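# Observations on the three-dimensional arrangement
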Amino acid sequence: MDWWFVFAVFLFFASAALLVAEVFVPSGGLLSVCSLACLAGGVVIFFNHSTAAGWIGIVVAILMIPTVLILAYKIFPKTTFGKAVTLTPPTRDLGDAIPDTDRLKELLGKTGVVLSDLRPVGMCDFDGRRVECVAETGYIEKDSKVMVIRVEGTQLTVRMVEEKT
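Rules behind the numbers
- Residues numbered from 1 in each chain as written.
- Predicted model: local features only at pLDDT ≥ 70, side-chain atom pairs only at ≥ 80, totals over all residues.
- Heavy atoms only, no water.
- Helix = DSSP H or I, 4+ residues; strand = E, 2+ residues; numbered from the N terminus.
- Buried < 20%, exposed > 50% of the residue type's maximum accessible area, 1.4 Å probe, protein only.
- Pairing = 2+ DSSP bridges.
- Expected span 1.5 Å × (residues − 1).
- Bend = angle between axes of the 7 residues up to and from the residue.
- Contact = heavy atoms within 4.5 Å.
- Axes fitted to C-alpha atoms, helices over the stretch in contact; angles between N-to-C directions.
- pLDDT = per-residue confidence, 0-100.
- Parallel < 35°, antiparallel > 145°, perpendicular 65-115°, else oblique.
- Left-handed = near helix turned anticlockwise from the far one by under 90°.

Now for unusual backbone geometry. With an omega of -10°, the peptide bond between Arg119 and Pro120 qualifies as cis. By the secondary structure assignment, Pro120 is in the loop between β1 (111-114) and β2 (121-126). Of note, the phi angle at Asp127 is positive, near 55°, even though the residue is not glycine. When you line up the elements, Asp127 lands in the loop between β2 and β3 (129-135). Judged by relative accessible area, which is 72%, Asp127 ranks as exposed. Of note in the backbone geometry, Asp143 takes a positive phi value of approximately 70° without being a glycine.

Of the strand pairs in this sheet, β1 and strand β4 (residues 145-152) are connected by three bridges, and their pairing is antiparallel. Paired with Thr111 across the strands is Met147, a residue of β4. Of the strand pairs in this sheet, β1 and β2 are connected by two bridges, and their pairing is antiparallel. When the sheet's bridge partners are listed, Val113 is paired in β2 with Asp125. The hairpin turn running from β1 into β2, its antiparallel successor, is six residues long.

The terminal C-alpha atoms of helix α3 (residues 51-75) lie 35 Å apart, and with 25 residues this matches the ideal 36 Å at 1.5 Å per residue to within 8%. At Met64, α3 shows its largest bend, some 25°, and a proline, Pro66, comes one to four positions later. Residues of α3 that are buried include every one of Ala53, Gly54, Gly57, Ala61, Met64, Val68 and Ala72, and no others. Buried residues along α3 sit against α1 (3-24) and α2 (30-49).

Here the focus is the sheet that holds strand β5 (residues 155-160). Consider a sheet: its strands pair through backbone hydrogen bonds, and that pairing is either parallel or antiparallel. Ordered by their spatial adjacency, five strands build a closed barrel running β1-β2-β3-β5-β4, and the pairing between neighbours is mixed. Shown here is a sheet whose adjacent strand axes are inclined to one another by a mean of 55°, direction ignored. As paired elements, β2 and β3 share six bridges and run antiparallel to each other. Directly across from Met123, in β3, lies its bridge partner Glu132.

All right, on to the confidence of the model for the protein then. One rule of thumb: low pLDDT means the predicted coordinates there are not for detailed reading. Residue-level pLDDT values for the protein average 86, and 93% of them are 70 or greater. Averaged pLDDT values for the elements of the protein fall to 80 in helix α5 (residues 101-105) and rise to 94 in β1.

This part takes up the packing of α2 against α3. Any two packed helices are characterised by the angle at which their axes cross and by the distance between the axes. Where α2 contacts α3, the axes come no closer than 5 Å and their chain directions differ by 155°. Of the possible angle classes, the one that applies to α2 and α3 is roughly antiparallel. At the point where α2 passes α3, the crossing takes the right-handed sense. The residues of α3 that touch α2, namely those facing Leu39, Val43, Phe46, Phe47 and His49, are Thr51, Ala53, Gly54, Trp55, Gly57, Ile58, Ala61, Met64 and Ile65.

Structure follows, in structure tokens:
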């Protein structure tokens, strides 16, 4: 086997390694330039070997670059080293960023008065507390009595209560 051919394959692997390093090392593009130089050198060596080998090298390069980048971004965070150097996002429950979520859940089943027409969103008053609510069905007029039937995060869903006379 021709040693130049082996060297061209080595240059392709070096190009892939430099491309992966460029993703994680801030080099200002220097590693990308070196990667492209290795890739171009490998393609030139393949073309010197034969035209068919050169075109195969170009096809391999076209397929290798996106594959290596995708694998670098997908696999690296799952490795031991990747877990050590990347931050893990905090685990959060639905509505935990809103401090009033627990107090809103206490309103479930309570009745209140509509302060502004619900079309279907508007303001309601529950024991002196103004809260934005969503009507279960279309439109509810101002000063109507409503009851909270559902609380999802910070969204209160209300239903009109028929007043007994």
